[in-house]
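# Structural description and commentary
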Amino acid sequence: MYTVLFFVIIAILVLDFALESILDHLNGKNASATLPAEVSDIYDAEKYKKQQEYFVANEKFGLVSGVFGFVVMMLMFFLFGFAFVDGLARSWVNDTILVALVFFGILYYANDVISLPFEYYKTFVIEEKFGFNKMTKKLFAMDTIKGWLMTAVLGGGIIALLVWLYEVLGEYFWLAGWALMSFISIFLMMFYSNLIVPLFNKQTPLEEGELRTAIEEFCGKVGFKLDNLFVMDGSKRTTKANAYFTGLGAKKRIVLYDTLISTLSTEEIVAVLAHEIGHYKKKHTMRMLFISLLNSGVIFYLLSLVLGSYSQPCAEALGVDVNSVFAGASDYADSTRLFHLGLIVFGVLYTPISTLLGIGLNVLSRKNEYEADNFAKEHGLAEPLAGALRKLSMSSLSNLTPHPAYVFFHYSHPTLLQRLRNLKK
């Protein structure tokens with residue numbers, strides 16, 4: 001039987017899908033707009049044609065995969081698929097923690113198996129056609145298996161701990177859950193590159209030479225202590241170039257993709273790193289971490305309210321027979337038995353808040369990116385950074401004319417045109 005909460009859930013999902021569809025449509029229409037003068041020379045006629053074809057291919061792929069995912073989600077709700085999976089889990093195990101683990105395990109792996117053909121097509125058809133893919137089918141399979149195993153260990157462990165904390169602490173669960181996820185977030189920020197990345201990629205210290213000397217000289221000039229400078233074999237999967245900064249304090253690390261080193265000049269790489277160091281110097285990393293942790297606390301508090309007062313309506317909205325769930329239970333109000341179902345409903349109900357927060361975080365992130373660019377500019381690296389940005393956009397066939405609305409909702413970085421104009425000020 002469909003409840004009022006059920007239709008609220010459906011309305012949120014439909015509105016979210018409609019918003020994303022409108023933004024994608026606007027972005028698609030704007031993709032072929034006349035290039036502004038500042039970026040008109042990035043692509044020659046042949047390269048620009050290829051970029052447009054790449055954009056259209058990804059747009060069509062996104063449309064098909066998005067509609068497919070939306071239809072599957074609608075079927076899961078209208079046909080009470082979550083109730084079916086819940087019943088399946090309860091028929092196999094009795095323990096509350098095990099029920100949650102089996103429930104989310106079935107959903108995760110079923111979704112991943114359904115998504116595999118799309119991932120395969122994206123990698124071995126679209127990326128292959130446009131010369132980006134370097135991944136072998138064996139590596140694709142190994143990445144998938146490793147991802148499944150890592151999710152089982154980390155994801156399963158986190159879910160088990162959250163359910164246990166809810167069983168033990170009840171209304172104060174949100175504080176312990178917040179503390180747990182905060183610890184995990186900081187731990188991964190500190191050790192992600194040491195523990196997770198090596199499962200998929202090889203990282204080696206940047207060898208002595210012109211590039212390392214230039215980087216160390218710049219770090220010395222701006223007072224940035226850097227002991228961990230690594231190169232990652234990103235070329236085993238893609239030709240696209242990248243670099244990232246991770247860690248805090250003594251554990252901070254800069255990782256360059258080997259594709260970045262082969263694409264940019266030494267001065268341009270130093271400019272890119274100057275941008276990353278700018279984030280650290282301007283304390284963007286710590287501020288964004290603080291905001292993330294604060295957001296996590298709000299999420300757990302709201303979740304505790306939903307689980308405490310509305311766990312049964314949440315379960316009923318998913319089509320679960322609450323009476324059968326509590327049959328033989330000593331305490332009918334023991335909402336722990338419905339914890340995993342409450343998480344599903346809360347995830348949907350939180351979507352509008354998540355969208356609004358995402359917009360705010362993107363606005364702040366774009367501001368941070370300008371400040372990091374300005375840090376590089378203040379140290380005489382405006383031109384090399386601009387050159388690096390242009391090369392990276394060209395090598396990845398980036399869309400140079402995204403629609404302003406799409407940028408507002410989804411871009412964590414300013415557009416290439418905006419960054420180039422800022423660097424020229």
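Our subject is the structure that appears above.
Below, the structure is looked at part by part.

Parameters at a glance
- Residues numbered from 1 in each chain as written.
- Predicted model: local features only at pLDDT ≥ 70, side-chain atom pairs only at ≥ 80, totals over all residues.
- Heavy atoms only, no water.
- Helix = DSSP H or I, 4+ residues; strand = E, 2+ residues; numbered from the N terminus.
- Rg over C-alpha atoms; globule rule 2.2 N^0.38 Å.
- Contact = heavy atoms within 4.5 Å.
- Areas by Shrake-Rupley, 256 points an atom, 1.4 Å probe, with all protein chains shown as cover.
- Lys, Arg positive; Asp, Glu negative; His and termini not counted.
- Charge placed at Lys NZ, Arg CZ, Asp CG, Glu CD.
- Pairing = 2+ DSSP bridges.
- Axes fitted to C-alpha atoms, helices over the stretch in contact; angles between N-to-C directions.
- Core = buried A, V, L, I, M, F, W, Y, C linked by side-chain atoms within 4.5 Å.
- Buried < 20%, exposed > 50% of the residue type's maximum accessible area, 1.4 Å probe, protein only.

In this section: the overall build of the protein. Along its length, the protein carries 16 helices and four strands. The C-alpha radius of gyration computed for the protein amounts to 24 Å, which stays within 12% of the reference 22 Å derived for 425 residues, consistent with globular compactness. On the principal axes, the C-alpha backbone points of the protein span a range of 70 × 45 × 40 Å. Within the protein, contacts between residues at least 6 apart in sequence are counted, and of these 77% link residues at least 24 apart. Counting every atom, the protein has about 21600 Å² of accessible surface; 65% of that belongs to carbon and sulfur. Where the 36 positive side-chain charges of the protein centre and where its 38 negative ones centre are 6 Å apart.

Pairing is mixed in the open sheet, where four strands are placed in the order β1-β2-β4-β3. Only two strands of the sheet have a single partner each, and these edge strands are β1 (203-205) and β3 (243-246). Across the sheet, the mean angle from the axis of one strand to that of its neighbour is 30°, orientation sign disregarded. As paired elements, β1 and strand β2 (residues 229-232) share three bridges and run antiparallel to each other. Its bridge partner being in β2, T204 is matched across the sheet by V231. Lying on the sheet, helix α9 (residues 266-281) is in contact with β3 and β4 (253-257); it crosses β4 at an angle near 145°.

Turning our attention to the nonpolar core. Of all hydrophobic cores here, the largest spans 52 residues; its most connected members are V39, I215, F218, F224, I254, L256 and I277. With seven residues, α9 is the single largest residue contributor to this core. Excluding residues that lie within four positions of it along the chain, F218 makes contacts with V270, A274, I277, F375, H379 and L381. Listed in part, the 48 residues of the second largest apolar core include L13, A89, C314 and L338.

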